[in-house]
Structure formats: C-alpha cells, structure tokens
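# Per-entry structural report
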Amino acid sequence: MILFKILFLLFVLIILIRLGKRLREKQIRITNFLIWFFFWLMAGTIVIYPESTNYLARLLGVGRGVDVIVYFSLAAIFYFIFYFTVRLHIMDNRIAKIVRNISLKEKENED
Amino acid sequence: MNIIVVIPAYNEEKVIGDIVRDAVKESSLVIVVDDGSTDKTGEIAQKAGAKIYRHTINLGLGATLATGLMAARRYNPEIVVTMDADGQHRAQDIPLLIKPLRDLRADFVVGSRFLGKSFKKRDESVPAIRWFYNSFANLLIYVLFRIKTTDSQSGLRALNAKALEKINIQSREMEVSSEFFKEVKNNHLRLKEVSIKGIYTKYSLSKPDSSKTQNLSTGIKTFFNLFLHKFIK
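For clarity, every value in this text was computed on a predicted model and none was experimentally measured.

Two pairing modes exist for strands in a sheet, parallel and antiparallel, and in both the strands are linked by backbone hydrogen bonds. All names here are of chain B. Sheet architecture is open: seven strands sit in the order 3-2-1-4-6-5-7, paired in mixed fashion. Single-partner strands in this sheet number two, and they are strand 3 (51-54) and strand 7 (191-195). Between one strand axis and the next, the sheet turns through 20 degrees on average, direction left out of account. Looking at chain direction, strand 2 (residues 29-34) and strand 3 are connected through four bridges and run parallel. Residue Ile31 lies in a different strand from strand 3, and its bridge partner there is Lys51. Sitting on the sheet, helix 1 (residues 16-25) touches strand 1 (3-9) and strand 2, and the angle it makes with strand 2 is about 150 degrees.

Next up, the structure:
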C-alpha cells in the first residue's frame, strides 16, 4: 500500500510540474490551471489520508468514502466525454469553414 | 431561366462525366464540389463542362453541399438543384422537379422515390432495407421538426432564390438531408414533393451512403449528429 502511495504521489507531482510548465508557456488558461491543480492536489490528499473521504461520505449520506470517490469520478468522466464531444464538434465545424473559404477563394481568384 | 445544378462528389471518376454531361443539358451551370477526391473526379467533371470547387481535405456530404450552395449564390440563380454524384438520380427529372418552383407553388422541392408507393409497390430497384431506413428517418423528421415527408434522405432537391438565401447548412455529414427539413421548418418555406425514380445500380449501391453500406452505426451516428445540431450551433 505504501508503494502505491509513493507511486501515485510521484505521478501527481509529475502532472503538477507539467501543469505549471503549460501555464508558464501560456498553453492553458489560469482558470483551467486552477481547476486541474486543485483536482490533482485533492487526489493526492485522498491517497495520503483515505479516511478523509469518510467525512464527505457521511455528509452526503453515501455508505463509504471510497464510494464517494467512485461516484464523483464517474460523473467527472461523463462530463469530460460530453465536453470533448462538443469541443470536437465545434472544431470540426471550424475546419470545415476554413476548407470551404479556401475553396471559394481559390475559385474567385481563378475567375 | 438561370438554373444551377450542384453536385457534391467524392471519388466518383467512373460516373461523374456522364452525370455532368446530362445535368448540363438541363441547366445554365453545373457546379461540382470535389470533396477532396483522391481520383480524377474534378478533372473529369471539368472536362464534362462543370465548374469545380475543390475541398483540400475530405469533409463529408453536408459540408460539401454547403460549399456548393455558397458557390451557387455567386451566380444569382433563380433555381438551384442538388443531386447525387453516384448516378442515383436522372437529370431528366429536373424539369419535373422544378415545376412547383416555376409555378410559384413551393420554395423547396424534394424528389421523392417513395411518394405514393407502399412497401409492396415500391420501385423494384429499391432495396427493402433502404425502404425501412427511410421510413424510420421520415418518422424522426416528423418527431424532431413536425414535417411530413416520404423521402427525407433524398439527395435530389430544388430550391428557389428565397430558399437559397434562407437555408444555412451546418452539418458536415449524412445528417444534412434531415437538416434541410429543419431549415425549411425554421424559415417557414413551402415544401413540395415530386415523385422521381431512384436508380440503384451496382455502383451506386457500393457507395458509402447506399443501403448496402448504410448500416445501423451510420444511422446512430447520423441521429447523434442531428441531435448535436439541434442543441449546439
């Protein structure tokens, strides 16, 4: 169990360093940085103090602390799937617009 | 009368020449939108007498039709006809198709392969599975947009200048056929259907939008895209 904790914390540390790097290089916005920063900080805290989730479980009326994590994780995964589907759809439309404009412009220049 | 035929095409070098030559006889101008074909579709269509608009990458039927309609607007047409590039439609049907527009009885006309034909009385060449897919799609159009149609998936359509100005296609793929109905409804356009004969050859059945290849996953994807378009701009 201790080995798992060490490995997971290392993983979280790497992600936090990469997040910081992306913020420095202005690849992500500050709001996105903060959301992910606290998310991974929370994940790290839960791994170090797993019993802390029991308090949340009692507060929400869910059986065990680990169940709260599973429910929240599932909700988060579904949200991100939805979010990325919508983003992809928007990007698809933008690409189509660019390709169409090139096509119309090319013909205009030819004529 | 200034009639423009718009043909979206992707890898149709085997048949596009004949399609364009037939369409030229029935119109003032034929526009072929080459959707990033990797064969000689564009070249052959141009030699046959069409104006070519080319997508640098393959976008899909919806995006190609949208480009075609935008291109057509440049020539101030009185009527625009869209037809498939795989030989499913006959250019000889164009005069019949545009008659309701000429008579000012409609703004948007669909060439229907199923108008007045039950499952048993359908054209011999229409595969049974295609009939069922189409019936389901028609039902969906009614549920989503409250429009009754007998052939919601037809690629043979005619638009007058008003419809051309109002209709704004957002779809990228196959769901474009359904989106036309959404636009008709939202823009209060008058819809008419005209009976046409669908031609199902070995070649047209091998194309991605044919009944042979149009499977359940295509249907689900189309439905999902349609759903997305309903809620996301």
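Here the narrative resumes.
Moving on to the domain arrangement of chain A. Partitioning chain A into structural domains gives domain 1 (1-49) and domain 2 (63-111). One C-alpha centre belongs to domain 1 of chain A, the other to domain 2 of chain A; they are set 24 Å apart.

Turning next to the interface of chain B and chain A. Between chain B and chain A, the contact holds 15 residues from the first and 11 residues from the second. When residues of the side of chain B that touches chain A are traced back to their parent elements, those giving at least two are strand 3 and helix 3 (61-73) of chain B. The element contributing the most residues to the side of chain B that touches chain A is helix 3 of chain B, with five residues. Taken together, the residues of the side of chain B that touches chain A break down into nine nonpolar, four polar and two charged.

Criteria and thresholds
- The numbering scheme is per chain: residues are counted from 1 as the chain's sequence reads.
- Here chains are named by letter from A upward and ligands by number from 1 upward, in the order in which they appear as written.
- pLDDT decides what is reported in this predicted model: residues at 70 or higher carry local features, side-chain atom pairs at 80 or more are listed and counted, and totals for whole chains, interfaces and linings draw on all residues regardless.
- Two strands are counted as paired when DSSP detects at least two bridges linking them.
- The helix count covers DSSP runs of H or I at least four residues long, the strand count covers runs of E at least two residues long, and both are numbered beginning at the N terminus.
- In this description, a line fitted to the C-alpha atoms serves as the axis of each element, helices being fitted only across the stretch in contact, and the angle between N-to-C directions of two axes falls anywhere from 0 to 180 degrees.
- Working definition of a contact: two residues with C-beta atoms, positioned from the backbone, lying within 7 Å.
- Domain start and stop positions are those given by an automatic or database domain assignment.
- Under the scheme applied, nonpolar residues are Ala, Val, Leu, Ile, Met, Phe, Trp, Tyr, Cys and Pro; charged residues are Asp, Glu, Lys and Arg; polar residues are all the others, including Gly.

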